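# A structural walkthrough
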Amino acid sequence: MILLPGLLFILWGEPARCLAEGGGFDFYGEIRQYAVATNTVYVATEEKLYQLNHDLTLVRSVTQRGIIESGEHVYDAQFHRVTETDHWNTTFRVNVLLPFVENATLISCGVIDRGCGVCELLDLEDISSVLHRELFSVGPQRRNSSASVGFLVNVEKTRTETETYILTAIQKDKKNPDKIHCPSSETMNLHNTNNKQMGLIFSYSGDGYNTINVVDDVEFVDGFQLGSIIYLFSNLPQSNKVRLIWLEGKTSKIQTFRSLRGATLSISDGGGGSRLEASSVVPGGPPVLWSGVFSVDGGRTNTELVLFDISPDLTGEKDKDPDFCTKSSCTDRITPQPKTLKPKKVLFRQDYMTSVLAVRQKAWMIFFIGTGDGQLIKLCVDKNYHTTCPRVLYKATDDRKVLAKMHLDPVDLKHVYVPFQNQIKRVAVSNCSTYTNVQDCWSAQDPYCVWCGSKRSCTFEDDCQDSDWLSIPDDSQQKMISHKVVKDNTGQITLTIKTHVTGGSEALANFACQFSASSSQLCIMNNAPPQFPQCTCILTNSTLPTEGMHVTVKTKLGKTRLTEELKLTNCSDIMGPPTSDLCQQCIEAGCSWSTNSCSWRSPGVMEDSVCQIMVSGMNISKPEISSITPSVVSFYGKNHAVLSGNDLKDVTRVRIKAQDCTQQESPVLNNNGVNLTFHIPRTDIKGVVKVCVVLSDGSCHGNATITYRSFPSCTNIVPRSSWFSGGRKITLMGSHLVFVEGVMHSHAQQEVRPPRHNDFQNLIYDTPAAQTNGIFTSKVILKIANETSACSTRITYYPDPEFVSFTLMRIGDNVRITLQKKADKLDMTVAELSVWGVQDGQQYPCIIEAKETTNKSDFFICGIQRTPDDNFQHLMIKFGDKTVTLGPPSLVHQVMLILRILLIPCVIFVLVIICRWQKKLTDEMNNH
């Protein structure tokens, strides 16, 4: 009975330690590979292989440690997995992890220390069950190869027969070759997956074996199959190109490879200078839409999310690619240059993007974007490739990198798996329930969210029990209800209301509008009946009051009621200098803005975006921004930032616009025309925001940026104690500490201690004094703008150090002082103490040289250089904010010290006498 819990512990590990807060799972060791199939997540780390439910609860885990038994050759070495408590001498490092659902197996391939390749077939339902193990290299032979890919492909041998193979595309790097004593893999390979195929499981042989090689070094990024077409993406570092390869999975292995065709992906006119970091195909089609994260600055900082049409071009000649070929050598060939594909749209620009997952929701494309600073961003794109405002779904407090591959939960399709170095988070694709009314639900511009009329709440569509629901339309719109006012040649005024929604059949079948005004009848009697999505009202009066007319429009869609308050104004009366505010007033009145004026005419721009790019009509100098200090802050913001530039005297506000479309304005606090101060507000997204300065007419000028980073965190405190009087120098260690404006302690939160020094990883400050005499602990709190963040470690307060005596000793022209202090738990260092000898009112600095410690006392040794007198009246001792004086020892203390000194030779003399007497006694006993 005792063995059973122990065995379960080995197989299942310690789930309590692995469960992470907020829908995640923490792993032992770094994640090497992970895969998702049906309702299970499989994760291979440096130490273990995990099997998790789709909600990331642990099913079981097995160790990757084992015993290697040597064979005649290194590649004959046998690997046997052991339990976690047994002796082991090697570790299985997984490079390929593929769920083969149709075969009910999990394919796990990699390398072992002091050996070559190993492949295992595991039971898909129970990874502790090994169905087959084979010494064969599938995938890269190096332990750390992040630029190789492997996935399952189907090859259509006949119309009724299809074979499944493992396609591996392996990084070729001349600087880091494969192990010389192991069988070498080619650049691209097709491996068997079962023993019914020609050759053994995992072998290359059979079916006309062939491979694909490459001219230069290659780094593979991604690969997948759609229909019969196989897509492979790679970077060619030497030629600085991003390549796409098409293969047709037909007939046989050899014919699949010989169908090789390719293209170059270019996001710039020159065709080079970019690098593919991550990719995801967009479901649906044709056409075959594909999204890629490209770095465009030679490094990995400046990144763009780009949309391509990668529909295969099968008209070109096969196996004539300049970089890839089916020959043993791809050199000395005359080949045409491959076609160049250009992007359909640059969807998003954001620093440090590292991964992307594309999904479809109705007519919308939704992109989940992972970043190098720990964010998951959602970007929705409509059928016309217009993007909505990006939303941050998850934000790590630190700068943990999101790994390159994300997956959608296959069970509920409502969560995304976000992998980090040793953790996977399960993040909801939407937070519909946070929107409490129909307007907010629609304004979220989230294709996942619908307003459920029967529940009167914002939910996922499948959570609405009937068809009475409303959602956003297939194209991006600025307003849920828009209106337009048109005046024809006869003077008749027509008010048109349009609802920009889609809905369930029940909601759309019950569509109605009602117009009303405080005056007499608003619309003529023979108005056209409402027809979704719009209603029309022909006004009974062809003129509008000078002060305008207030109109209420009530719209009914199923059980949902929408109310819009309008103010109709004579469009010709909206006059003045062509400012941004005047343009906005014209558009909001339902009029048309064209040629810098407002009119009844229907042609012209009807969107308020045109108003945001208008220049000021005021007769003042245009402000310019030269700098903002600081320009890098945490996402908590910064108080009293300084903006410098020219002609700033008329600036009233500072406008900050983030990539998530949020726009905030901070009032100017002080302004001398050259410098102004303002508060940088907090934000919910890390990254770069744009800054301009606002004049009184609403126009915004200048082009500056502020970068938001993670907020500070402290992981260690040295020392972890302070004396009651305070002023002890404390060093905090962590990240982003340069953003900290002050430090507080929980016992004295009204006292903010400014940093003496702070940089990215360290902060030094002085502790505040205690407000009680008893020993206690105090929480350390960081102040960042208007927010606070507590450190995980506390500081303990102890009584002030107690100095009891000192002794003097002249050594030549110098005086050596030994200062005695009672032992305590403060662990005071030499650097924290300052000592002066005082004689006739003059202070002589004593340079601390050393510290010696016994069980009951600490002794600090210092020296006063070149002093004529050693008869100091007292010492002045300073630690922290406190200074104490210590007088010379009393007469009694001096007498006792002399007695102690004289006692030492006396004790030695007595011991010598005793030893001689004992020796004499021993000799006499021996003689007898």
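Source: prediction; values computed, not measured. (Residues numbered from 1 in each chain as written. Predicted model: local features only at pLDDT ≥ 70, side-chain atom pairs only at ≥ 80, totals over all residues. Heavy atoms only, no water.)

### Structural notes on the overall build of the protein
For the protein, the helix and strand inventory stands at 7 helices and 70 strands. Long-range pairs, those at least 24 residues apart, make up 56% of the contacts in the protein between residues at least 6 apart in sequence. As presented, the protein carries roughly 44,100 Å² of accessible surface, and 51% of it is formed by carbon and sulfur atoms. (Helix = DSSP H or I, 4+ residues; strand = E, 2+ residues; numbered from the N terminus. Contact = heavy atoms within 4.5 Å. Areas by Shrake-Rupley, 256 points an atom, 1.4 Å probe, with all protein chains shown as cover.)

### Remarks on the nonpolar core
In terms of nonpolar packing, the biggest core is built from 63 residues, with F368, L495 and F515 touching the most fellow members. Ignoring sequence-local partners within four residues, the contact set of F515 consists of L495, I497, L522, C523, C535, T536, C537, T552 and V553. A278, I369, V633 and I795 belong to the second-largest nonpolar core, a separate cluster that totals 60 residues. (Core = buried A, V, L, I, M, F, W, Y, C linked by side-chain atoms within 4.5 Å. Buried < 20%, exposed > 50% of the residue type's maximum accessible area, 1.4 Å probe, protein only.)

### Overview of the sheet that holds strand 60 (residues 757–758)
Strand order in the open sheet formed by 4 strands is 55-57-61-60, and the pairing between neighbours is antiparallel. Every other strand in the sheet has two partners, leaving strand 55 (713–718) and strand 60 as the edge strands with one partner each. In the sheet, strand 60 pairs with strand 61 (residues 762–766) via 2 bridges, with the strands oriented antiparallel. Residue pairing for strand 61: N758 is matched across the bridge by L763. (Pairing = 2+ DSSP bridges.)

### Considering the pattern of salt bridges
Scanning all chains against the criterion turns up 36 salt bridges. Residue D409 pairs with R426 through a salt bridge whose shortest N-O separation is 3.0 Å. With D409 in the loop between strand 31 (407–408) and strand 32 (415–419) and R426 in strand 33 (residues 423–428), this pair connects stretches of sequence that are 17 residues apart. In this structure, D409 and R426 share a single accessibility class: buried. (Salt bridge = Lys/Arg side-chain N within 4 Å of Asp/Glu carboxyl O.)

### Description of the sheet that holds strand 46 (residues 624–629)
Spatially, 4 strands are ordered 46-48-52-51 in an open sheet, and the strand pairing comes out antiparallel. Every interior strand has two partners, whereas the edge strands, strand 46 and strand 51 (670–671), have only one. Alignment of strand 46 against strand 48 (residues 638–646), held across 5 bridges, turns out to be antiparallel. Bridging from a neighbouring strand, E624 pairs with N646 of strand 48.

### Let's talk about the environment of G727
With respect to the helices and strands, G727 occurs in the loop between strand 56 (721–723) and strand 57 (729–735). The class of G727 is buried, set by a relative accessible area of 8%. Taking C-alpha positions, G727 is 7.8 Å from F879, a pair spaced 152 residues apart along the chain. Those residues in contact with G727 that sit more than four places away from it in its chain are R753, D766, T767, G880 and D881.

### What about the pairing of strand 66 (residues 834–839)?
Both strand 66 and strand 69 (residues 874–879) contribute to a ladder of 5 bridges, which runs antiparallel. In the strand pairing of strand 69, V835 is matched with I877. Relative to strand 67 (residues 842–853), strand 66 runs antiparallel, the two sharing 5 bridges. Looking at the pairing, W836 lines up with P845 of strand 67.

### Notes on the confidence of the model for the protein
Counting all residues, the mean pLDDT for the protein is 86, and 89% of those residues have values of 70 or more. Low pLDDT, under 50, characterises residues 1–17; the predicted model gives this stretch 19 contacts beyond four residues in sequence or across chains. (pLDDT = per-residue confidence, 0-100.)

### Regarding the packing of aromatic side chains
How two aromatic rings sit relative to each other is set out by the distance from centre to centre and by the angle between their planes. If you walk through the whole model with that rule in mind, you get 20 aromatic pairs. Judged by centre distance (5.9 Å) and plane angle (45 degrees), the rings of F294 and F308 are tilted. Residue F294 is located in strand 22 (residues 289–295), and its partner F308 is located in strand 23 (residues 302–309); the two are separated by 14 residues in the primary sequence. For F308, a relative accessible area of 0% corresponds to the buried category. The side chain of K395 reaches across the aromatic face of F635, ending 3.8 Å from its centre. A cation sits over an aromatic face here: R400 above F420, 4.6 Å from the ring centre. (Phe/Tyr/Trp six-rings, centres within 6.5 Å; stacked < 30°, edge-to-face > 60°. Lys NZ or Arg CZ within 6 Å of the ring centre and 35° of its normal.)

### Considering the side chain of T793
Mapped onto the elements of the fold, T793 is located in strand 63 (residues 787–798). The residues contacting T793, other than those within four sequence positions of it, are T715, I717, R720 and V780.

### Looking at the side chain of R60
One can find R60 in strand 6 (residues 58–63). Reaching out from R60, the side chain makes a polar contact with the backbone oxygen of E125 at a distance of 3.1 Å. Engagement of the side chain of R60 in a polar contact is seen with the side chain of D126, the distance being 3.1 Å. (Polar contact = N/O pair within 3.5 Å; in protein donor to acceptor, adjacent residues only side chain to side chain.)

### Things to note about empty space enclosed by the protein
Tallying each qualifying case throughout the model produces 3 cavities of 30 Å³ or more. Taken together, V438, C441, W442, D446, C449, V450, W451, L470, S471, I472, M480 and V501 form the lining of the largest cavity. Elements with a contribution of two residues or more to the lining of the largest cavity: helix 4 (438–443), strand 34 (449–452) and strand 36 (469–471). One number sums up the size of the second largest cavity: a volume of about 40 Å³. Along the walls of the second largest cavity sit K362, W364, P447, S471, I472, P473 and D474, which together make up its complete lining. Classifying every residue of the lining of the second largest cavity gives 4 nonpolar, 1 polar and 2 charged. (1 Å grid on protein atoms, 1.4 Å probe; cavity = no way out; pocket = protein on both sides within 12 Å on 5 of 7 lines; lining within 4 Å. Points joined across faces, edges and corners; volume = space filled by probe spheres on them. Nonpolar A, V, L, I, M, F, W, Y, C, P; charged D, E, K, R; others polar.)

### Details of helix 6 (residues 580–588)
Those residues of helix 6 that fall on the buried side of the exposure criterion are S580, L582, C583, C586 and I587. Looking straight down helix 6, one finds that the buried residues subtend no more than 160 degrees of arc, so they occupy a single side. Along its buried surface, helix 6 packs onto strand 44 (592–594) and strand 45 (597–599). Looking at the residues trailing helix 6, positive phi occurs at G590, about 85 degrees. (Arc of directions from axis to C-beta.)

### Quick word on the state of the cysteines
Note on terminology: a disulfide is the covalent bond linking the sulfur atoms of two cysteines. Throughout the structure, instances matching the rule amount to 11 disulfides. Disulfide pairing places C452 opposite C464 at an S-S distance of 2.1 Å. Disulfide C452 to C464: torsion about the S-S bond roughly 75 degrees, handedness right-handed. Taken as a pair, C452 in strand 34 and C464 in the loop between strand 35 (457–460) and strand 36 lie far apart in primary sequence, 12 residues in all. As far as burial versus exposure is concerned, C452 and C464 are alike and both buried. Between the sulfur atoms of C571 and its disulfide mate C591 the distance is 1.9 Å. When the S-S torsion is -80 degrees, as for the bridge of C571 with C591, the disulfide is left-handed. Within this pair, whereas C571 is found in the loop between strand 43 (560–568) and helix 6, its partner C591 is found in the loop between helix 6 and strand 44, the two being separated by 20 residues in sequence. (Disulfide = S-S within 2.5 Å.)

### Comments concerning unusual backbone geometry
For the bond from F532 to P533, the omega torsion is 15 degrees, close enough to zero to count as cis. Within the secondary structure layout, P533 lies in the loop between strand 40 (511–517) and strand 41 (534–538). In this structure, P630 follows T629 across a cis peptide bond, with omega equal to -5 degrees. Residue placement: P630 occurs in the loop between strand 46 and strand 47 (632–634). A positive phi is found at T38, a non-glycine position, where the angle reads about 55 degrees. Mapped onto the fold, T38 is located in the loop between strand 3 (31–37) and strand 4 (40–45). The backbone of L413 sits at a positive phi, close to 55 degrees, despite the residue not being glycine. As for its position among the elements, L413 is in the loop between strand 31 and strand 32.

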